[in-house]
Amino acid sequence: MVAPNKSKAAYRDSLGLYINAKTKWFESLEELERLPGFRNEGLKPVVDRFALRINSYYLDLIREAGDPLGRQVIPDRRELDDPVFDLDPLNEEGQSPVPSLVHRYPDRVLLLVSDSCAVHCRFCMRRRKVAAGQPDLEPAFAYIAERRKVREVILSGGDPLMLSDARLEIILSRLRQIKHVELIRIHSRVPSAWPSRITPELARMLASFHPLFLVAHFNHPREITSFSARACGLLADAGIPLGCQSVLLAGVNDDYQTQVDLLTSLLRIRVRPYYLHQLDPISGTAHFRVPLAQALDLMSRLRGNLTGLAIPQLMIDLPGGGGKVPLVPEYVVSRKPGLWKIRNFKGQVFDYPWV
Ligand SMILES: *Cc1c(COP(=O)(O)O)cnc(C)c1O
C-alpha cells in the first residue's frame, strides 16, 4: 500500500495528507515484534487482506498485544475465518448517488473525504475503503448544492483529520458556500489515536466554520491520556461541541466497569458520549461481537447509576441500509389503558396512571 519509509512523506504530501515528522508509522508485522506478547505467526495473510497500520503514539499505549488497546489494532488470525463475508452490510455503496457520498437520511449526508486513518482498527466497518484512493469531491459538492433538504454534512472517511489543514480548509470552505448546509460535523478517531495532530492552528481554522461539531471515537479509558485531553481541550476551547461514538467490542469494553471508566473519563475531558455502536456484521470481526442481550443489560446498568450526561445511546445499524436504530432496555413492565407499570433503574416497579 504505502511505499517504504523514505518516500512516505512525499506520498502523503501528494494526497494532501497531514505530515508530522515526529510520528512514526508501523505498517509491517516485523515492526511489532518488540511488543510484549506479540507472536508473528500466521498473520501475513491477514495483513495482506486487511492492511496493518499503527502509529508510534498508539503503540506506546499498548502494554501487551492482547490488552484492550492491542486487540483493537493488532491483526488476529480469526479475521480470516469469520463465516460472515460481507464487506458492505449497510449497503453504503447502494446509497451512494455520487462517489464518496452516502445519502441515507433526508437531512444529512456522509462525505468520505479521506481514505486514510491514524490507525487501522481491526473491527473497521469501512475497511473496504481503506487506502482505496483519495476521492474527487467535485460531484459530491454539486450533489449537495442541488439538494436544499441537506442541512448537515458529516465528514468521515477514513479520517478527515488525516488531511492537511490546507486541504481541509478548502473542503470546509466549499461546503460553507452552500447556503442550505447549516451544520458541519467531523467524525474522527484522531483525538484518541493521534492527538498531536490537533494543533492550536487546526482548532482555530475549524472554528472559522462554525457551527461545526466533532464526534470523536474512544473505546477504552486508557485511550484518555494527557495528550488526548489536551487535544480535546483545544477543540472545546475553540467552541467545538464534542461527542464520542464508541463501538462495543468483546474483550475491549464490554464490561460494566470499563464502560463506567470510559464514560466518566470522557466527560472529564469535555466529551459528551453520543453513541455506543453495536458492531456491524463486517467480514473478519466475529471475535469482537457482543450479544445484543448483553449490550442491553449493560445499558440498563448504566442508566440511573451514572449521570445522564454520560449515557450514550445504544445503536444498531440495520443491514441493507435501513439506518440506525436506538435500542433501549425495557422499562415498561405492563400497559393497560389508564395504568402503565414501569420499572426504575433499581428494578422497582411503579404505577404510572396518567396515560
Ligand atoms: C450514521 C450515519 C449518519 C449520521 O447519523 P446520526 O444519527 O445523525 O449521527 C448519516 N449518514 C449515514 C449514511 C450514516 O451511516
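All values reported here derive from a predicted model rather than from experimental measurement.

**What to know about the pattern of salt bridges**
- Summed over all chains, the structure comprises 22 salt bridges.
- Here Arg39 ties to Glu41 by a salt bridge, and the two come within 2.9 Å at their closest N and O atoms.
- Its relative accessible area of 58% is what places Arg39 among the exposed residues.
- Using a relative accessible area of 40% as the deciding quantity, one classes Glu41 as partly exposed.

**What to know about the site of the ligand**
- All residues adjacent to the ligand are Val102, Arg104, Tyr105, Arg108, Leu110, Ile154, Arg185, Tyr274, Tyr275 and Lys324.
- At 2.7 Å from an oxygen atom of the ligand is found a side-chain nitrogen or oxygen belonging to Arg108.
- Contacts to the ligand include Lys324, whose side-chain N or O atom sits 3.0 Å from an oxygen atom.
- About the coverage of the ligand: the protein hides 92% of its 390 Å² of free accessible area.
- When residues of the shell around the ligand are traced back to their parent elements, those giving at least two are strand 3 (101–105), strand 4 (108–112) and strand 9 (272–278).
- Tallied by class, the residues present in the shell around the ligand amount to six nonpolar, no polar and four charged.

**Points about the pairing of strand 9**
- Of all seven residues in strand 9, five are buried; the element is thus mostly enclosed.
- For the crossover from strand 9 across helix 11 (residues 292–302) to strand 10 (residues 313–318), the handedness is right-handed.

**Description of the state of the cysteines**
- As enumerated under the stated definition, the model contains zero disulfides in all.
- Summary of cysteine pairing: Cys117 is not part of a disulfide, and the nearest cysteine sulfur, belonging to Cys124, is at 6.3 Å.
- By relative accessible area, which is 16% here, Cys117 ends up buried.

**Structural notes on helix 11**
- Within the sequence span of helix 11, burial applies to Ala295, Leu298, Met299, Ser300 and Leu302.
- Check the buried side of helix 11 and you find it contacts strand 8 (242–248), helix 10 (256–268), strand 9, strand 10 and strand 13 (339–343).
- Directly beyond the C-terminal end of helix 11, a positive phi value near 95° is found at Gly304.

**Describing the nonpolar core**
- Counting residues in each nonpolar core, the largest one holds 82 residues, and the members touching the most others are Leu111 and Leu155.
- For this core, the element with the highest residue contribution is helix 9 (residues 226–237), accounting for five residues.
- Those residues in contact with Leu111, other than ones at most four positions away along the chain, are Ser100, Leu101, Leu137, Ala140, Phe141, Val153, Ile154, Leu155, Ser156 and Leu175.
- By size, the runner-up hydrophobic cluster in this structure holds 15 residues, among which are Leu248, Leu276, Ala295 and Leu298.

**Notes on the sheet that holds strand 9**
- Taken in spatial order, the nine strands of this open sheet run 3-4-5-6-7-8-9-10-11, and their pairing is mixed. With partners counted over all chains shown, the strands left at the sheet margins are strand 3 and strand 11 (323–327), one partner each. Across the sheet, the axes of successive neighbouring strands diverge by a mean angle of 25°, strand direction being ignored.
- In the sheet, strand 10 pairs with strand 11 via five bridges, with the strands oriented antiparallel. By the bridge assignment for strand 11, Leu318 is matched with Gly323.
- Its contacts with the sheet put helix 6 (residues 165–176) on strand 4, strand 5 (152–156), strand 6 (183–188) and strand 7 (212–216), and the angle it makes with strand 5 is roughly 165°.

**Thoughts on the packing of helix 10 against helix 11**
- Packing of helix 10 against helix 11 leaves a shortest axis separation of 10 Å and a crossing angle of 55°. Looking at the two axes, helix 10 sits oblique to helix 11. Where helix 10 crosses over helix 11, the two elements pack in a sense that is right-handed. Where helix 10 abuts helix 11, its residues Tyr256, Gln259, Val260 and Leu263 lie against Leu298, Arg301 and Leu302.

**As for the packing of aromatic side chains**
- Under the defined criterion, the tally for this structure stands at five aromatic pairs.
- With centroids separated by 5.0 Å and ring planes inclined at 80°, the aromatic side chains of Trp25 and Trp194 adopt a geometry described as edge-to-face. You can see Trp25 sitting in strand 1 (residues 25–26) and its partner Trp194 sitting in the loop between helix 7 (190–193) and helix 8 (200–207), a full 169 residues away along the chain. Exposure class is identical for Trp25 and Trp194. Each is buried.

**Focus: the side chain of His217**
- As for its placement among the helices and strands, His217 is situated in the loop between strand 7 and helix 9.
- The exposure class assigned to His217 is buried, which follows from its relative accessible area of 15%.
- Beyond its immediate sequence surroundings of up to four residues, His217 is in contact with Phe123, Ser188, Arg189, Ser192, Glu223, Cys244, Gln245, Ser246 and Val247.

What counts and what doesn't
- Residues numbered from 1 in each chain as written.
- Predicted model: local features only at pLDDT ≥ 70, side-chain atom pairs only at ≥ 80, totals over all residues.
- Heavy atoms only, no water.
- Salt bridge = Lys/Arg side-chain N within 4 Å of Asp/Glu carboxyl O.
- Buried < 20%, exposed > 50% of the residue type's maximum accessible area, 1.4 Å probe, protein only.
- Near = heavy atom within 4 Å.
- Polar contact = N/O pair within 3.5 Å; in protein donor to acceptor, adjacent residues only side chain to side chain.
- Areas by Shrake-Rupley, 256 points an atom, 1.4 Å probe, with all protein chains shown as cover.
- Helix = DSSP H or I, 4+ residues; strand = E, 2+ residues; numbered from the N terminus.
- Nonpolar A, V, L, I, M, F, W, Y, C, P; charged D, E, K, R; others polar.
- Right-handed = clockwise from strand over helix to strand, strands pointing away.
- Disulfide = S-S within 2.5 Å.
- Contact = heavy atoms within 4.5 Å.
- Core = buried A, V, L, I, M, F, W, Y, C linked by side-chain atoms within 4.5 Å.
- Pairing = 2+ DSSP bridges.
- Axes fitted to C-alpha atoms, helices over the stretch in contact; angles between N-to-C directions.
- Parallel < 35°, antiparallel > 145°, perpendicular 65-115°, else oblique.
- Left-handed = near helix turned anticlockwise from the far one by under 90°.
- Phe/Tyr/Trp six-rings, centres within 6.5 Å; stacked < 30°, edge-to-face > 60°.

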